[in-house]
Amino acid sequence: MLIMISKRIGFMILTMLVVSMLLFMLLEFSPGNVATKVLGPYSSEEARQLWLERHGYFEPLWWRYGTWLGNFVSGEFGDSVRFRVPVSEVLWPRLWNTAILGFWTFAIMIPLSLILGVLAGMREGSRLDRVISVGSIITTSVPEFASTVLLSAIFVFGLKWLPGTSSMTSGFDVKQMILPVMVLIIYDFGYVARMTRASMAEVMTTHYIRTAVLKGLPYKQVILKHALRNALIAPFTVIMLQINWLLSGVIVVEFFFAYKGFGALLLEASLNQDIFVIEACAMVAVFVAVASQTIADIGYTYLNPRIRFS
Amino acid sequence: MSNIVETVTPAPTLGFAFIRAIKSFALLRESTPGMVGAGLVLFWVIVAILAPLIAPFDPLATLQPMAKPGTEFVKGGTFWLGTDHLGRDILSRIIFGSQTVLFYAPLATVFAYTLGILMGLAAGYHLGWWDIVLSRISDIILSFPVLVLYIIIIATIGSSGINIIIAITFASAPGIMRIVRGLVLDLRNREYVAAAQTRGESSLYIMLVEILPNARGPLIVDACLRLGYVIITIGVLGFLGLGLPPPDPDWGGMINETRKMAMIFPHMTIFPCIAISSLILGFNLLADGLREVSLRD
Amino acid sequence: MIESNDEYVLEINNLCLSYFVRAGEIPAVVDFSCTLKAGESIGLVGESGCGKSTVALGIMNYMGNNGGIVGGSIKFKGRDMVALNEEELRHIRGSEISMIYQEPMVALNPSLTLGSQLMEVLIVHEGVSQAEARKRSIQMLDDVKLPDAERVMNAYPHQISGGQQQRVVIAMALLSSPALLLLDEPTTALDVTVEAGIVELIAELSKKYGTALLYISHNLGLMLEVCDRICVMYSGEVVEEGSIDSIFTWPKHPYTHGLFGCIPLPHADKNARPLTAITGQLPLPHERPPGCNFGPRCSFFKEGLCDGDDPHMEEVTTDNDPVHRVRCYRWNEVDTSVAMSAGIGKDAAEIGETVLEIDNMKKYYEVQDTSMGALFSGGMTKYVKANESINFTAKRGQTVGIVGESGCGKSTFAKVLMGLETATSGEVRLAGTNIGDLPVKTRTPKQLGSLQMVFQNPNDTLNPSITIGSAISRVITKFGVESDPEKVYERVMQLLDIVKLPRDFYIRRPRQLSGGQKQRVGIARAFAGNPAMVIADEPISALDVSVAAAVTELLMDIQREHKTTLLFISHDLSAVRYLADRIVVMYLGQIMERGTTDEVFSPPYHPYTEALLSAVPIADPEIEKRHIVLEGNLPSVLDPPRGCPFCTRCPSRIGEICDDVPPAVQIDGESHAIACHIPLEELRKAEPVVKVPSDLQKKRSLLAKEARAKVMAAEAAAAEAAAAEAKAKAAAAAAAVAEARVDAVPVDKEPG
């Protein structure tokens, strides 16, 4: 177990290193270009050369990568071209905002989708199962950008119940959170619910469930003690992977509702070629994704005694 | 006797595969969601093919700005779904937009599948170094949040039709590779594969003739799901302003251009939303139906 | 019909069970009746798909979402199981009726400890406390002879072996002392030496607790060892029911009779007394023929009678056996004792020059040990000795049987021969060339074609997306036998003829074929390149008895004709004894004993061979068998004993030398070799394990004749009695007919 965890973490660090190298190459390989991006298209050739020299761009590649990585690890991401401040000053508050958004989404979505999935999978082919299955396909089929528009049309322009933007200009407002969270839940819950349903339905056909029923156990105990534990192993991994998906989802939602989060920052940065912000955001995103993946793997192992004790 | 030889000697050919694909689609009758899905997809395919014939107006022509749905056009005809802020007929734009999406999405999916299948076959059949290298590459690509990856790629190489296909191929192939690899890991232990090995078949023959055709079931289902997802991706890129350059009609782009006016003119955004959602729903239901049918026998 | 009676634990009357699918109702079991008293054991025997497992689930009234009881009644202790609601059923399930399943690994919940799975039975049914439940569970684990019950309680299913898992399932079933125990092929998934232990345990415990047993199996030999009575099922119906004695002495239904002809009993011989397979195949449930279901496959089929109304169970009256019933119109017209002497004799194959020589072949696998201990001690790489010092030879036209239980290395050995793996050291010479270190990719087409393989699993052996014709054609062109399409086609047709398949199978796909037919295609494919040697890796183990017999005979016929060397790998000692000329017995990667079939089957024995022989059930009550049950489990291949691999389970272990020193090979006579520390003189003293009476066939036919005469006499008497009431003239005539029938019983020839 301990070996497995250290292996996973080792692999995680390795992945981060490779990703950082890729990013570094992708965004900085043409030095002239970087200078243009930083100093703007109207800067003089001399100024660009000077900037490049000052920032060590004529050092060997590995040296530059080393320094860049060193700075990166110690939290020095460079300066944002657009905001004219160190990247970390913009990044951390934005990340915090996104974390709040993600927290509420997960807090509602996971119980909801697990319950619906288990109910549907418990009796495969029943009316409830069909309603939940088809319902979850439909919600998953409406892309986030479409549901933002549709939901705004209903709740903002039609019923006028909710605000159309979530910029939180006058402090935190729960009302402004409702629509973004709703959009993320609607798009994502169907996937988790369907995975849970499939897993539950599969478990219900196994021989050990038959054994449990033929042992004369009450149905409730068959479900709660024998089925659930096995059925929730697979969805656990899926839920952790949802964090990765959520990072994509927030980009659209934050963009539409003008929510000052991490996704909107990344999008803005890439539209404005704000390379240091892109690098930092991408690294953070990959870190979150890889970390959640690592936790998912470790958790899967822990939940599954067949792997835990072998 | 000899005519039997001619008709049956070739091993699985494209023709055979096609006939069997038709047969398995015929089985779809058993699944109501699957039929609805197939219907939706077919509807949009027909619309895309017949676009020049059925579209009432030129999708790019500025006719009458901000007309509400049902408005009569002075020069004849009706704006059934209204016009946008530039005065272009929304119905015609949606009809021609289906061409765009049904051109780029399947093309990107086919490229992604070709790459993913080759990677998956190589990794799953040879194992060893092939597997380690290819799997690690996939893991790294997959560890990016998808949209972050697209944004970075598009931000680097710029936004155009070809670049979108490249980005989708690059980002989807690892996922397909994982699925193919899993299927191959199972299939490579079949006795008929051992039989092929013991008669000295080449690895390429075993991968393409003995293994791949038997993995087609799950792959077809996955392809339908993925097609839906690629449509979402193209839509999202359009919505974020990273999609196909204007003025060609693109559903995601249409939503993005008009969303700020949704307060006053909801029809401009709602109809493209319904169009794209229905097509995605079609592919998702189709995938679900196919999976259901394939599990039955 | 049977009167309702309180002394019966279980009483089933005319039970009909169906599954409902999209295509409509599929009757799985039709008109099933039987009774079971306390302490009695009844066997349900039949081939796959005959509905025997459905009966067990039907008794529990657990038919799943798409099944149901459509007719008849099931009375358990006088209560009608069909009429009970879920809650009432729940109180009976697991407490009064328990079930033991075929695959213990999937019957136990993988993520709960065995202890909690055992204890919940008592907690739910008897409402006892945790501590009490734990105490009694541990006691029960001791009862099923599991060592270290405390440890087992805290273990998860995957942490114990298959045999141990089945013991836990048995313990779970017996915890609340049920009145009825249903056993659904409880030993089929286990190795034969482990099976022997489980069978013994079940018999012992059911006696101890007075439990009635319903034992489901496809294995007639096993039935003989565990049951008082058996019901033979065919295609959803019981075709014959009676006591063990009665059925094994004189089976009255042609199907039961056919089954006996398919089993390789010790007196069967591949040349003199070959097996007789049942022709045709089991009809699908929705394609059953009118009248008798067995009609189309029956050699006594009579048009107008057998395909008319469905036959009912008829009572066979013999005084010593009150319940022997059979579902056949013609049972007393057909003399089934004749066919007992099996099929027509065939000429023995000529044995030619040496084809294969295995010289001290070793195959080791490297495994990475990732445990903590290994990490610190530095011993990260371990070797699994899949094959250790394999030596033997095979001659042209000869059949060599390789026997062993799971993990004995027999499949690895086949892989090395085929070139899918290469030998670690030693030589494998095929016609003089060493191919041991030649992977399959470097072998010439001629080498490939001369050494081919028949695989185990019929559902896996053919590529589902390639037609039969293309599959065989590919082999022919690949080995360069023919290249002209016309000629290839001719050759495929020839091969289809040889394996007795219709020629239009050329355009079929594998899923349209039955298991036996697929296996025939597999054989055709293996023989396509005129191989000098064919390896058959468990070719019949996945097939039903009647189909297996046909495939075995086919394989032998082709081998005889082509003078091919056959390497027959199997776990089934009966099959190997039947068709092999020489036998190699393997255990944990090593050869324990090798020699001619006679040498291996008679003393001196290796202690493992001795135990293996004793463990194999034999479907003949006249054959005596010594009883040896091995203790313990098969050791893991990863961690074999240092000395003799068998030392951990050997009943005749002589001391520490067995644990520490690998035994030397002792040669007895020309070709008989035994790897054991016990001196040959000692081993020679052993009694034969299986004693076949020398006059077995004669005795059998006499017994059958006697029983038959009795039946006829009784019938005649009955007829007489009936006639006495009628006119005297008619009565005399009836008696004369009955007498004439008795005379007509032919006398069986003595065995050759």
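Residues numbered from 1 in each chain as written. Chains lettered and ligands numbered in written order. Predicted model: local features only at pLDDT ≥ 70, side-chain atom pairs only at ≥ 80, totals over all residues. Heavy atoms only, no water.

A.B. asks: Hey, could you run me through the overall build of chain A in this one?
C.D. replies: Of regular secondary structure, chain A possesses 14 helices and zero strands. Tracing chain A from N to C terminus, the helices and strands come up as α-α-α-α-α-α-α-α-α-α-α-α-α-α. Overall, the C-alpha framework of chain A stretches about 85 × 55 × 30 Å when taken along its three principal axes. Burial analysis of chain A (310 residues in total) assigns 53% to the buried set. The contacts in chain A between residues at least 6 apart in sequence include a share of 72% that link residues at least 24 apart. (Helix = DSSP H or I, 4+ residues; strand = E, 2+ residues; numbered from the N terminus. Buried < 20%, exposed > 50% of the residue type's maximum accessible area, 1.4 Å probe, protein only. Contact = heavy atoms within 4.5 Å.)

A.B. asks: Teacher, can you tell me more about the interface of chain C and chain A here?
C.D. replies: For an interface, size is often stated in terms of accessible area lost upon the parts coming together. At the junction of the two partners, chain C supplies 30 residues and chain A supplies 22 residues. Carbon and sulfur atoms make up 62% of the area that chain C and chain A hide from each other, which totals about 2,500 Å². For the chain C face of the interface with chain A, the top three residues by lost area are C:Tyr101, C:Ser111 and C:Glu120, together amounting to 21%. We note a salt bridge from C:Glu120 to A:Lys225, for which the minimum N-O separation is 2.8 Å. Taken together, the connections running from chain C to chain A amount to 13 residue pairs in polar contact (both at pLDDT 80 or more). Those elements that place two or more of their residues in the side of chain C that touches chain A are strand 6 (97-100), helix 3 (104-107), helix 4 (114-126) and helix 12 (372-377) of chain C. Element by element, the count of residues in the side of chain C that touches chain A is highest for helix 4 of chain C, at six residues. (Buried area = accessible area lost by both parts, 1.4 Å probe. Salt bridge = Lys/Arg side-chain N within 4 Å of Asp/Glu carboxyl O. Polar contact = N/O pair within 3.5 Å; in protein donor to acceptor, adjacent residues only side chain to side chain.)

A.B. asks: Would you mind going over the packing of aromatic side chains with me for this structure?
C.D. replies: By convention here, two paired aromatic rings are described through the distance between centres and the angle between planes. Considering all chains together, one arrives at 21 aromatic pairs over all chains under this definition. Residues A:Phe24 and A:Tyr65 carry aromatic rings whose centres are separated by 5.3 Å and whose planes lie at 65 degrees to one another, so their mutual orientation is edge-to-face. Here A:Phe24 is found in helix 1 (residues 2-28), whereas its partner A:Tyr65 is found in helix 4 (residues 61-73), with 41 residues between them in sequence. For A:Phe24, a relative accessible area of 4% gives the class buried. Exposure remark for A:Tyr65: the relative accessible area of 13% places this residue in the buried category. A ring pair is formed by C:Tyr255 and C:Phe294, whose centres lie 5.3 Å apart and whose planes are at 65 degrees; its orientation type is edge-to-face. Of this pair, C:Tyr255 sits in helix 11 (residues 254-262) while C:Phe294 sits in the loop between helix 11 and strand 11 (314-315); the two residues are 39 residues apart in sequence, bridging distant segments of the chain. Judged by its relative accessible area of 0%, C:Tyr255 is buried. (Phe/Tyr/Trp six-rings, centres within 6.5 Å; stacked < 30°, edge-to-face > 60°.)

A.B. asks: Would you explain the interface of chain A and chain B in this entry?
C.D. replies: Taken together, the contacts link 43 residues of chain A with 39 residues of chain B. Summing both partners gives a buried area of about 3,500 Å² for chain A against chain B, and 80% of it is carried by carbon and sulfur. Connecting chain A to chain B are one salt bridge. We note a salt bridge from B:Asp288 to A:Arg194, for which the minimum N-O separation is 2.9 Å. Inspection of the chain A/chain B interface yields five residue pairs in polar contact (both at pLDDT 80 or more). Listed by contribution, the elements that provide at least two residues to the side of chain A that touches chain B are helix 1, helix 6 (127-141), helix 7 (144-158), helix 8 (174-204), helix 11 (233-257), helix 12 (262-271) and helix 13 (275-303) of chain A. Grouping the amino acids of the side of chain A that touches chain B by side-chain chemistry returns 34 nonpolar, eight polar and one charged. (Nonpolar A, V, L, I, M, F, W, Y, C, P; charged D, E, K, R; others polar.)

A.B. asks: Hey, could you run me through the state of the cysteines in this one?
C.D. replies: Note on terminology: disulfide describes a covalent bond linking the sulfur atoms of two cysteines. Applying the stated rule across the entire model yields zero disulfides over all chains. Between C:Cys650, a free cysteine, and C:Cys676, which holds the nearest cysteine sulfur, the sulfur-to-sulfur gap is 6.2 Å. (Disulfide = S-S within 2.5 Å.)

A.B. asks: Help me understand the side chain of B:Ser98, please; the structure alone is not making it clear to me.
C.D. replies: As for its placement among the helices and strands, B:Ser98 is situated in helix 4 (residues 90-126). With sequence-adjacent residues up to four places away left out, B:Ser98 is seen in contact with B:Trp44, B:Val47, B:Ala48 and B:Trp251.

A.B. asks: Looking at this structure, I do not really get the confidence of the model for chain A. What am I missing?
C.D. replies: Low pLDDT means the predicted atomic positions in that stretch should not be read closely. When pLDDT is averaged across chain A, the result is 83; 94% of the residues are at 70 or more. Mean pLDDT values over the elements of chain A span from 65, in helix 2 (residues 31-39) of chain A, up to 91, in helix 9 (residues 207-214) of chain A. (pLDDT = per-residue confidence, 0-100.)

A.B. asks: Hey, could you run me through the pattern of salt bridges in this one?
C.D. replies: A pair can form between side chains of opposite charge whenever their charged atoms are brought close. Residue and element names in this part refer to chain A. Taken as a whole and assessed by the stated rule, the structure comprises 49 salt bridges over all chains. Across the salt bridge formed by Arg197 and Glu124, the nearest N and O atoms sit 3.8 Å from each other. Remark: Glu124 occurs in the loop between helix 5 (87-122) and helix 6 and Arg197 occurs in helix 8; sequence separation between them is 73 residues. Given the relative accessible area of 45%, Glu124 is considered partly exposed.

A.B. asks: Is there a simple way to explain the environment of A:Lys175 in this structure?
C.D. replies: All names here are of chain A. Checked against the element boundaries, Lys175 lands in helix 8. In this structure, the C-alpha to C-alpha distance between Lys175 and Pro163, residues twelve residues apart in sequence, is 7.2 Å. Beyond its immediate sequence surroundings of up to four residues, Lys175 is in contact with Trp161, Leu162 and Pro163.

A.B. asks: Any chance you could explain the pairing of strand 15 (residues 399-403) of chain C here in plain terms?
C.D. replies: It is a general feature of regular strands that their side chains alternate between the two faces of the sheet. Residues and elements named next belong to chain C. For strand 15, the tally of buried residues reaches five of five residues, placing the bulk of the element in the interior. Residues Thr399, Gly401 and Val403 of strand 15 are buried on one face, and the alternating residues Val400 and Ile402, pointing to the opposite face, are buried as well. Pairing geometry for strand 15 and strand 20 (residues 565-570), over five bridges, is parallel. Across the sheet, residue Ile402 finds its bridge partner in strand 20, namely Ile569. Of the pairings in the sheet, the one linking strand 15 to strand 21 (residues 582-587) comprises four bridges and is parallel in character. Each residue of the ladder has a partner; that of Ile402, found in strand 21, is Val584. (Pairing = 2+ DSSP bridges.)

A.B. asks: What am I meant to see in the environment of B:Leu102 here?
C.D. replies: When you line up the elements, B:Leu102 lands in helix 4. Leave out the neighbours within four places in its chain, and B:Leu102 touches B:Trp44, B:Val45, B:Ala48 and B:Leu279.

A.B. asks: Mind showing me how you'd approach the confidence of the model for chain B here?
C.D. replies: Residue and element names in this part refer to chain B. Within chain B, residue pLDDT values average 84, and 92% of them lie at 70 or more. At the low end of the mean pLDDT range in chain B sits helix 1 (residues 2-8), at 40; at the high end sits helix 4, at 92. Confidence drops under a pLDDT of 50 for residues 1-12, and excluding neighbours within four residues, the segment shows 22 contacts in the predicted structure. Predicted as a complex, the structure gets a pTM of 0.83 and an ipTM equal to 0.83.

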